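Geometric and topological summary
So you can see what is in the structure, the chains are spelled out below.
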Amino acid sequence: MSEKSRHIFLSVENLSKNFGSFRAIQDISIDIEEGEFVCFLGPSGCGKTTLLRCIAGLETQSSGSITQKDVEISLLPPSARDFGIVFQSYALFPNLTVFSNISYGLINHKWGKDKITSRVNELLDMVGLKSHEAKYPGQLSGGEQQRVALARALATSPGLLLLDEPLSALDAKVRIYLRKQIKDLHRKLGITTIMVTHDQEEAQSMADRIFVMKDGKIIQSGSPKEIYEKANSPFIADFIGITNFIDARVLSKNKVACHAFEVECNTEDMSADLPVRLAIRPESIYLNRAASDVDNCVDAIIIENEFLGSFQRIYVESTSLSNELLMIDVANNSLTEMDLTPGSQIHITLPPDQIRVYPCDCSFHFQKRKAT
Amino acid sequence: MTALSIFKNVRLPKFSRSKDLSDRVGLFMLASYILFFLLFLVFPLGTLIIKSVQDQNGNFIGLKNYLLYLQEPALFQSFFNSLFIAIVSTIIVVILAFSFAYALTRTCIPFKGFFRLIALIPLLSPSILAAIALVYWLGNKGVLKALLFGNSIYGPIGIILASVYWTFPHALMILSTSLSLSDSRLYEAAEVLKTTKLRAFLTITIPGARYGIISTAFVIFTQVFTDFGVPKVIGGNYNMLATDIYKEVVGMQNFQMGAVISLVLLFPSLIAFFIDQYSRKKQISLLTSRSVVFKPKKSFGVDSLMLGYCTFITVIILMMIGMAQFGALVKFWPYDLSFTLKHYQFEVAGLGWESFYNSIRLAFYTAIFGTIIIFIGSYIVEKLKSDERLRGILQLFTLMPMSVPGLVLGLSYIFYFNAKDNPINFIYATMTILVINTIVHFYTVSHLTGVTVLKQMDKEFESVSLSLKIPLYKMFWKVTLPVCLPTIFDISIYLFVNAMTTVSGVIFLYTYNTTLASVSAIHLDEQGDVAAAAAMAMLIVYVSVLVRIIHTVFTKGILRRTQAWRHDTPNAANDVTKA
């Protein structure tokens, strides 16, 4: 993960933060490389915002240390650290114009008026808000306000950009647009960026590296692709994207038993008789026209059919595999003349290399997904 | 003890961030405010408690004074009298003000602005004005004396009527706020479910306003229970706690008994205060961002009834203030009704206009210094997180003044600041002590107003400023202050008017050089010169009205410049289309 060739920009070591008896973050250690875009991803209450606020100095950690550019900053007040921050609520000063909001932090630089004006114009240009400089935040839409907040945070050219759920308060379309804009900005400026989000899609589309957090700990880190394809726990498999889960029991090497069917999959070195949980993404399951000799082909009945634009999500029942419905995503352009109306008999294939096998973790309960 | 359990008890040194300038300034301010409250609230009250367990010579005598109090039936009776008057007045005011607030917020009656304006008039006058007006209307020579069926206005009837009059706008303000916050979807849901209007009223309106009603009841109870002016003027021989304290201290120079009765007066106010605080904590916001604000629908029956009711209340208020003015302008009520200004020549009564000017000075200083102190204080409590423990203490201190009756605060100031060994003894008998007393006396309401507006500001403003390396005092000046300006004006006008009208806080503290208009009105009445008392009380009304008008004009002018950002309609354009 940490290649020595690239420079470590920010390093968090054994960081913990308690609020009374509540342990918001527990013994977290991470290294972030210069110019990297990382995401802290997790459900609400997992400690991701607390971690960000500790890095900013807005909270003081209970133990552990933070180093930025080889300087220990753990105990510095926020004003002595080097970062810009954007909040979910924009936090624009309502009585100041867009111009004054953006130039707010530049005042300290004792720059001349011309220099400030040209810097603000440059920033306005960058976030695509030229000609809005005289407006007040109340006259802007949410997305525009968030771009002003972004410009304000970048105005002083900080070495680190912190984004605290920056897109959560916005409409779906604006969100997707701003996602791209932030990503472009990051590419252009090369500023090391940390974003906190609970939206896995957002994290996947923006981050170079994702830290998935749960209960104050980092439970997996890696590139978006790694995390999607090689989720190291059923929790992540369920949290990131959509997954079918099937209860099973290991029979022998690379063979597990579900109900009345034997499934081929990679069991690594799990011992026989171990209860396991199989996970497979809906898009990884194939539909077959007829019974086939390939591995893991089983018959099923279509229960429900959801049209989702570019693809269809089909809910099938396969009693020999599982009591619960399985979801299968089929791209519309690959749809054959196969009869997919509810009640039709079909065959499905679960490719062995697409199935991930997790030892059964009884503390984790899956959401029951059933077609209603 | 095992080694492990010892280890558990050892507290690891807490990580503490090094302080920057903002932190240090904040901590210093926090400490200064705590010192302010210790000096001007906590220590004086402590002295009052000490006084109550001492004899005339300052020797400790335990609870002897309290026993003496309990053995004196006349004093003890006052307690029940005060309780009775306060409870009856509270019930009447809550019912009257609730109906009025309901008419203003939930019906379609016309002239709402006018009704509201008139209903708030009693705020502009000292409480004694109501008592004086009642004497004119229903006193021994009153025009409408027959309405009393032979009962005297001097006594419980007069006290209750006058108390209802002057506390009515206070109740109206709280109740109309809580009635105006309501989700119309609830009523639509009720209607769809075929609920009768009455049931909707009982199951939606009343529960929605529940906390407002509770809060109003406690506020009014405390106000009436601790009021001094009204029973002094119209109480006759009916003794109440507040007048007893005055008699003991000013009449009999029995400071110890004064202290004891003060604490008896303080006790129910404290209970009311804590119950109110408790009920506030249980209150959850009924309005979410998804609520749709209630818009009343026309209903001929209800609207006509309410219009009649509001007209009736308005006429009564105008009759009261009108009569006080009339009485001040006629030669000799009710025998010679020709016009004169002689009652405004207070020199005749041995009291000059000096007291009037003093009142204006007091009100002015209180408004200026009080607003600065209180608003900065509310910022410290709400926004500075430099030291949680000290902040908690300050928060408690800021709420305390609400539960301390003015009379008690004033008396405790005598004990504390008149002591020879007190290093700040020099402020005793000056304008300064009156200003400080008045600021402390009216601290809580202004403070809570400030806290409310600060709460509405994004809690991340401070974080943003720190990340941009702008010290917080700069942000306070550039953002917080301009945004909160309308509220700051409201606080200043509240302090000004209250400083003009207050009696109970200052009655023990004024001296020959610092007589005040409201106090003079009481003395004029005491001397039997009711017309001059009415004239003096009306002077206070004129100033209050004038200042209100200036305030409105000034506010409008300055707000047009500083609040430009407020008036623009938000334009929720879609970004994607613009990009």
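Keep in mind the model is a prediction, meaning the values are calculated, not measured.

So, on to the overall build of chain A. On a plain count of helices and strands, chain A comes out with 8 helices and 20 strands. Counting only C-alpha atoms, chain A reaches 80 × 45 × 40 Å along its principal axes. Contacts in chain A between residues far apart in sequence, at least 24 positions, make up 65% of those at least 6 positions apart.

Here chain A is described as being made up of domain 1 (8-234) and domain 2 (242-359). Here the C-alpha centroids of domain 1 of chain A and domain 2 of chain A sit 40 Å apart.

The next thing to look at is the domain arrangement of chain B. Residue and element names in this part refer to chain B. Domain assignment breaks chain B into domain 1 (18-46 + 347-561) and domain 2 (72-287 + 298-334). Using C-alpha coordinates to define each centre, domain 1 is positioned 24 Å away from domain 2. On the domain 2 side, the residues contacting the 28 residues of domain 1 number 32 residues. Of all elements in the fold, only helix H15 (388-403), helix H16 (406-417), helix H20 (472-501), helix H21 (517-526) and helix H22 (530-562) reach the threshold of two or more residues within the side of domain 1 that touches domain 2. Looking at the side of domain 1 that touches domain 2 element by element, the count peaks at 11 residues for H22. Within the side of domain 1 that touches domain 2, the residues separate by chemical class into 22 nonpolar, 5 polar and 1 charged.

The biggest cluster of nonpolar side chains holds 269 residues, and the ones touching the most others in it are Leu278 of chain A together with Ile132, Leu134, Ala324 and Ala537 of chain B. A total of 14 residues in this core trace back to one element, the largest contributor, which is H22 of chain B. Discounting residues that sit within four places of it in the chain, Ala537 of chain B has contacts with Ser125, Pro126, Ile128, Leu129, Ile132, Ala324 and Ala521 of chain B.

What follows is about the sheet that holds strand E12 (residues 255-258) of chain A. All names here are of chain A. With respect to topology, 5 strands assemble into an open sheet ordered E13-E12-E11-E14-E20, the strand pairing being antiparallel. This sheet does not close on itself; its edge strands, each paired only once, are strand E13 (261-264) and strand E20 (356-359). This sheet shows a mean twist of 40 degrees between the axes of neighbouring strands, independent of strand direction. Sheet topology places E12 next to E13; 4 bridges connect them, and they run antiparallel. What sits directly across from Ala257, in E13, is Glu262.

The next point concerns the pairing of strand E4 (residues 63-68) of chain A. Residues and elements named next belong to chain A. As defined by bridge partners, strand E1 (residues 8-19) adjoins E4 across 5 bridges and the pair is classed as antiparallel. Paired with Ser16 across the strands is Ser63, a residue of E4. Taken together, the 2 bridges between E4 and strand E5 (residues 71-72) define a ladder with antiparallel strand orientation. Bridging across to E5, Thr67 finds its partner in Glu72. Hairpin connection from E4 to E5: 2 residues lie between these consecutive antiparallel strands, with Lys69 at a positive phi of about 50 degrees.

The rules behind each value
- Residues numbered from 1 in each chain as written.
- Chains lettered and ligands numbered in written order.
- Predicted model: local features only at pLDDT ≥ 70, side-chain atom pairs only at ≥ 80, totals over all residues.
- Helix = DSSP H or I, 4+ residues; strand = E, 2+ residues; numbered from the N terminus.
- Contact = placed C-beta atoms within 7 Å.
- Domains from an automatic or database assignment.
- Nonpolar A, V, L, I, M, F, W, Y, C, P; charged D, E, K, R; others polar.
- Core = buried A, V, L, I, M, F, W, Y, C linked by C-beta atoms within 7 Å.
- Buried ≥ 20, exposed ≤ 12 C-beta atoms within 10 Å, placed from the backbone.
- Pairing = 2+ DSSP bridges.
- Axes fitted to C-alpha atoms, helices over the stretch in contact; angles between N-to-C directions.

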